[in-house]
Amino acid sequence: MTGQDRVTVNDPRAPVNNGEGHQYVFYGVGGDWMIRRGVESLRIAREDRMRLADRFVPPRSYRVAADRLEKPGSVVLLEAPPGSGRRAAAIMLLHGVGEDGGADEEGVRFEEFPVTGKDENPLAPGEGDRFLLDLSGIVDEEAYTKAQHHLAVRRSQVQDAGAHMVVVLPSGMEHAHAPGLEPHTVTLGRPRGVAVVTRYLRMDRMAFRPADLESAGLQRLCDRSPMRELARFAGLVRAARDSDRFGADFAGWLDQAMHAVTDRAGEVGRQVASVRTAPERALLLATAMFEEAGADIVYEAWHDLMRTVRHEEEATTELARTDFGERLAGLGIERDPDGRLRFERLAYADAVRTYFWANFPGVRNDLRDWIGHAAGLRGLTTDDRVNVVVRFGERSLAVGRPDHLFDLAVRWADSATGASCDPRAVAALELGLSHERLGGWFRKRIYRCVSSGSLPDGLARVLTVACLQSLGATHSDQAMVRLHYLAVRKGEAAHEAREALLGLVGRDRRLYRLLIDRLRDRTHREPRKAEPHLRLLTELLRSDRAPDPPPWPDLFLGWETVFSQPPTNLWNLLVSSWLSAAASDSAREMALGVMVGATHGRTAALQRLYVIACSWVGSARHPSRAGVAALFWQHIDHAQYARTENTERAGAGPRTTEEAR
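Rules used throughout
Residues numbered from 1 in each chain as written. Predicted model: local features only at pLDDT ≥ 70, side-chain atom pairs only at ≥ 80, totals over all residues. Heavy atoms only, no water. Helix = DSSP H or I, 4+ residues; strand = E, 2+ residues; numbered from the N terminus. Buried < 20%, exposed > 50% of the residue type's maximum accessible area, 1.4 Å probe, protein only. Contact = heavy atoms within 4.5 Å. Core = buried A, V, L, I, M, F, W, Y, C linked by side-chain atoms within 4.5 Å. Pairing = 2+ DSSP bridges. Expected span 1.5 Å × (residues − 1). Phe/Tyr/Trp six-rings, centres within 6.5 Å; stacked < 30°, edge-to-face > 60°. Lys NZ or Arg CZ within 6 Å of the ring centre and 35° of its normal. Right-handed = clockwise from strand over helix to strand, strands pointing away. Axes fitted to C-alpha atoms, helices over the stretch in contact; angles between N-to-C directions. Parallel < 35°, antiparallel > 145°, perpendicular 65-115°, else oblique. Left-handed = near helix turned anticlockwise from the far one by under 90°. Nonpolar A, V, L, I, M, F, W, Y, C, P; charged D, E, K, R; others polar. Polar contact = N/O pair within 3.5 Å; in protein donor to acceptor, adjacent residues only side chain to side chain. Arc of directions from axis to C-beta. Salt bridge = Lys/Arg side-chain N within 4 Å of Asp/Glu carboxyl O.

A. Region of interest: the side chain of Asp366. Along the chain, the position of Asp366 falls in helix α14 (residues 364–374). The buried category is assigned to Asp366, whose relative accessible area is 13%. Those residues in contact with Asp366 that sit more than four places away from it in its chain are Thr308, Val309 and Arg310.

Okay, here's the thing in structure tokens:
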């Protein structure tokens with residue numbers, strides 16, 4: 001990642017008890033676009049684990065599970081009721097493995113296994129690796145039986161490798177557990193709800209007394225609500241404070257948040273029931289989707305929605321109808337001094353969106369098409385557009401329609417011009433990939449896209465960014481596979497994918513080794529289609545792409561594949577890069593002998609290396625270059641001599657390096 005591609009994170013204090021809720025983290029790359037991560041995040045990258053650790057309240061028996069997991073090769077299975085933060089507990093157990101308190105060692109994996117055994121690029125665990133297998137979403141015995149077969153395979157791999165794995169078991173499936181699971185199972189209790197809320201509020205720098213949290217209503221909420229709802233509740237208290245619209249004391253903010261989580265659904269239901277006309281309902285939904293946008297933009301989005309659902313315009317002129325301001329006031333929508341629209345009540349917009357997607361399933365396709373156009377209305381800022389995408393994505397994923405979100409991502413990506421990358425499309429894919437329940441659907445869908453035939457450049461660019469930024473943090477192996485498919489295509493977008501791929505693997509020795517193996521396999525398996533894979537492999541093996549210190553055995557295997565092909569100009573930059581590296585760093589002189597050894601003494605390959613070295617020396621007269629070239633030629637002579645010895649023993653005539661010179 002270049003300096004211009006530096007990732008920035010705003011609001012690192014966003015509440016994340018178990019990766020769910022309605023808070024987001026913004027990413028900016030090069031200042032050109034923004035990504036907004038959404039609900040139910042499954043990211044287990046280090047920075048997210050650190051934020052989770054700040055807010056995590058250990059449940060009962062957590063220490064028992066932690067002690068069992070400490071031993072290399074250990075597998076711990078967690079039983080806990082839904083809503084108890086069981087996934088968060090699993091992540092925190094893995095995060096705390098070792099005496100370093102969760103610090104990540106170079107090359108150590110922290111990833112999530114897919115629920116099924118289907119993986120387009122399976123990779124065996126290594127020593128110290130940490131894995132999560134979340135089976136909590138399984139609801140039928142047949143699926144659980146298959147998942148347990150997969151668990152048995154993974155468990156054996158983890159134990160043999162000295163890795164660590166935590167498995168979240170499905171609730172209500174105790175009768176279907178395979179024999180032998182019991183000794184590895186720990187039953188977790190539910191954390192104290194008030195302790196969770198307190199932790200969140202403290203991290204958000206709220207000033208309050210324990211007595212402020214002792215109301216009967218709040219106690220019921222803390223005792224009954226899932227952890228994700230308690231996280232959301234604490235976030236609403238913060239939102240009330242930060243809005244400057246609901247007083248200046250903690251009691252007022254707490255009261256607003258309580259109303260938001262207990263009363264909003266009923267309030268919206270009653271309002272929609274009382275508002276019978278299509279224009280009023282459409283305005284209610286348009287404001288909920290475009291809240292905080294300018295009044296004129298909401299007005300345009302409102303009319304766009306009515307056209308999309310085929311509502312006939314009123315026969316009278318607009319001057320004879322109820323004016324826009326009166327309509328807004330009648331629906332409880334206010335206009336701030338800057339002309340932006342918002343609901344008077346805290347979190348009301350979210351409740352409106354939830355109500356419409358849940359209770360008007362027949363118009364979901366129309367809502368998809370509406371957002372596809374309206375999210376591009378003139379006057380919307382990039383942040384406004386991403387807000388709309390996230391709001392639409394939340395609802396589509398909640399009702400099990402990931403295809404709606406993916407369809408829009410493709411539509412927006414295809415509409416991008418030049419080398420631009422549409423932020424709406426990127427935000428949509430980021431949201432889908434980070435979804436705890438449907439992230440796997442998006443990973444598979446992206447795989448089908450990149451491994452298919454033709455792919456528009458706009459979509460290829462969006463997929464590249466999503467794989468690098470989102471998938472690379474959670475499933476780096478799968479990100480590498482998808483970027484490889486994108487990188488071997490033709491065109492400028494493929495060049496960008498190559499840079500993303502090489503940057504990803506260059507930061508991880510394990511991925512670097514894996515990509516070398518993958519490219520070698522593709523080169524040997526399909527010789528007629530080997531050229532793009534060979535070109536990529538040659539670039540990967542350059543000195544400026546290799547990890548430090550260089551992995552010589554892996555480089556040898558890669559160079560062996562490159563040098564076994566007919567000599568081409570692909571070799572020039574590769575060999576010259578290592579000659580230059582050896583000239584500036586004596587520790588890299590080992591590359592000279594390893595490269596020559598990778599030719600296995602083939603005369604044509606040795607001649608080619610000799611010619612490249614001659615050209616390299618002549619391009620810049622410097623004593624260090626002459627010394628490196630002389631050492632390189634010496635390795636070539638030794639290899640040629642050994643080849644000659646073997647040839648003479650076989651009864652053939654000798655051929656020396658002097659002849660090549």
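After that view, the rundown keeps rolling.
B. Just the nonpolar core, in detail. Core analysis: the largest hydrophobic core is formed by 129 residues, its most contacted members being Phe290, Trp370, Ile371, Trp559, Phe563, Trp578 and Phe632. When near neighbours in sequence (up to four residues on either side) are disregarded, Phe632 contacts Val575, Leu579, Leu592, Met595, Val596, Leu609 and Ala613. In terms of nonpolar packing, the next biggest core, distinct from the first, is built from 29 residues, Val194, Val196, Leu213 and Ala257 among them.

C. Spotlight on the pairing of strand β4 (residues 75–79). With respect to burial, β4 is a largely interior element, five of its five residues being buried. Residues Val75, Leu77 and Glu79 of β4 are buried on one face, and the alternating residues Val76 and Leu78, pointing to the opposite face, are buried as well. In the sheet, β4 pairs with strand β7 (residues 164–168) via four bridges, with the strands oriented parallel. Bridged to Leu78 within β7 is Val168.

D. Examining helix α16 (residues 402–414) more closely. With 13 residues, α16 should cover 18 Å at 1.5 Å per step; its first-to-last C-alpha distance of 19 Å lies within 8% of that length. The complete set of buried residues in α16 reads Pro402, His404, Leu405, Phe406, Leu408, Ala409, Trp412 and Ala413.

E. Seen up close, the packing of aromatic side chains. Here the structure, examined in full by the defined rule, presents 20 aromatic pairs. Aromatic side chains Trp441 and Phe442 sit 5.0 Å apart centroid to centroid with 70° between the ring planes, which places their arrangement in the edge-to-face category. Assessed through its relative accessible area of 32%, Trp441 is described here as partly exposed. Look at Trp559 and Trp578: their rings are 5.5 Å apart centre to centre, the planes differ by 85°, and that puts the pair in the edge-to-face class. Of the two residues, Trp559 sits in helix α24 (residues 552–563) while Trp578 sits in helix α25 (residues 570–584), which places them 19 residues apart along the sequence. Taken as a pair, Trp559 and Trp578 share a single burial class, namely buried. Feature note: the residues Tyr299, Trp302 and Phe324 constitute an aromatic cluster, connected by ring pairs. Its guanidinium or amino end placed over the ring of Phe208, Arg202 lies 4.0 Å from that ring's centre, counting from NZ or CZ.

F. Layout of the pairing of β7. The buried count for β7 comes to five of five residues, which makes it a mostly enclosed element. Side chains His164, Val166 and Val168 of β7 all project onto a buried face; the interleaved residues Met165 and Val167 project onto the opposite face, where all are buried too. Note that strand β6 (residues 130–134) and β7 share five bridges and pair parallel. Bridging across to β7, Asp134 finds its partner in Val168. Between β6 and its parallel partner β7, the chain crosses via helix α4 (residues 141–161), and the hand of that crossover is right-handed.

G. Looking closely at the packing of helix α11 (residues 295–308) against α14. Remark: α11 packs on α14, axes separated minimally by 9 Å, with the N-to-C direction vectors making an angle of 140°. Put simply, α11 runs oblique to α14. α11 and α14 meet at a crossing whose hand is right-handed. Packed against α11, whose contacting residues are Ala301, Asp304, Leu305 and Thr308, the element α14 presents Asp366, Leu367, Asp369, Trp370, His373 and Ala374 at the interface. Looking at side-chain class alone, the contact of α11 with α14 contains five nonpolar, two polar and three charged residues.

H. View of the side chain of Arg232. Within the secondary structure, Arg232 sits in helix α7 (residues 227–243). For Arg232, a relative accessible area of 13% translates into the label buried. Of the polar contacts made by the side chain of Arg232, one reaches the side chain of Asp350; its length is 3.2 Å.

I. Quick peek at the sheet that holds strand β8 (residues 185–187). The sheet built from five strands is open, its strands ordered β5-β6-β7-β4-β8 with parallel pairing. The open sheet has two free edges, formed respectively by β5 (110–112) and β8, since each of these has just one partner strand. Each neighbouring strand pair of the sheet contributes to a mean axis angle of 20°, computed without reference to strand direction. The strands that α4 touches are β4, β6 and β7; relative to β7, the one it contacts most, it runs at about 155°.

J. Up close: helix α18 (residues 439–450). With twelve residues, α18 should cover 16 Å at 1.5 Å per step; its first-to-last C-alpha distance of 17 Å lies within 8% of that length. Listed as buried for α18 are Gly439, Phe442, Arg443, Ile446, Cys449 and Val450. What you see down the axis of α18 is that its buried residues fit within an arc of 125°, all on one side. Turning to α18, the residues buried within the fold contact α15 (382–398), α16, α17 (423–433), α19 (457–474) and α20 (476–487).

K. Summary view of unusual backbone geometry. The omega torsion across Asp548 and Pro549 is 5°, close enough to zero to call that bond cis. Position of Pro549 among the secondary structure elements: in the loop between α23 (531–540) and α24. The phi angle at Ser61 is positive, at roughly 75°, despite the residue not being glycine. Within the fold, Ser61 resides in the loop between α1 (46–55) and α2 (62–69).

L. Here's a closer look at the pattern of salt bridges. Throughout the structure, instances matching the rule amount to 37 salt bridges. A salt bridge links Glu334 to Arg245; the nearest nitrogen and oxygen atoms lie 2.9 Å apart. With Glu334 in strand β9 (residues 333–335) and Arg245 in the loop between α7 and α8 (250–262), this pair connects stretches of sequence that are 89 residues apart. Overall, Glu334 belongs to the partly exposed group, its relative accessible area being 25%. Several salt bridges share partner residues, and in doing so they unite Arg87, Glu112, Asp134 and Glu436 into one network.

M. Quick peek at the packing of α17 against α19. Contact geometry for α17 and α19: axes closest at 9 Å, N-to-C directions at 40°. Taken together, the axes of α17 and α19 lie oblique to each other. Crossing of α17 against α19: the hand is right-handed. Contacts between α17 and α19 involve Ala425, Val426, Leu429, Glu430 and Leu433 from the former and Val462, Leu463, Val465, Ala466, Gln469, Ser470 and Leu471 from the latter.

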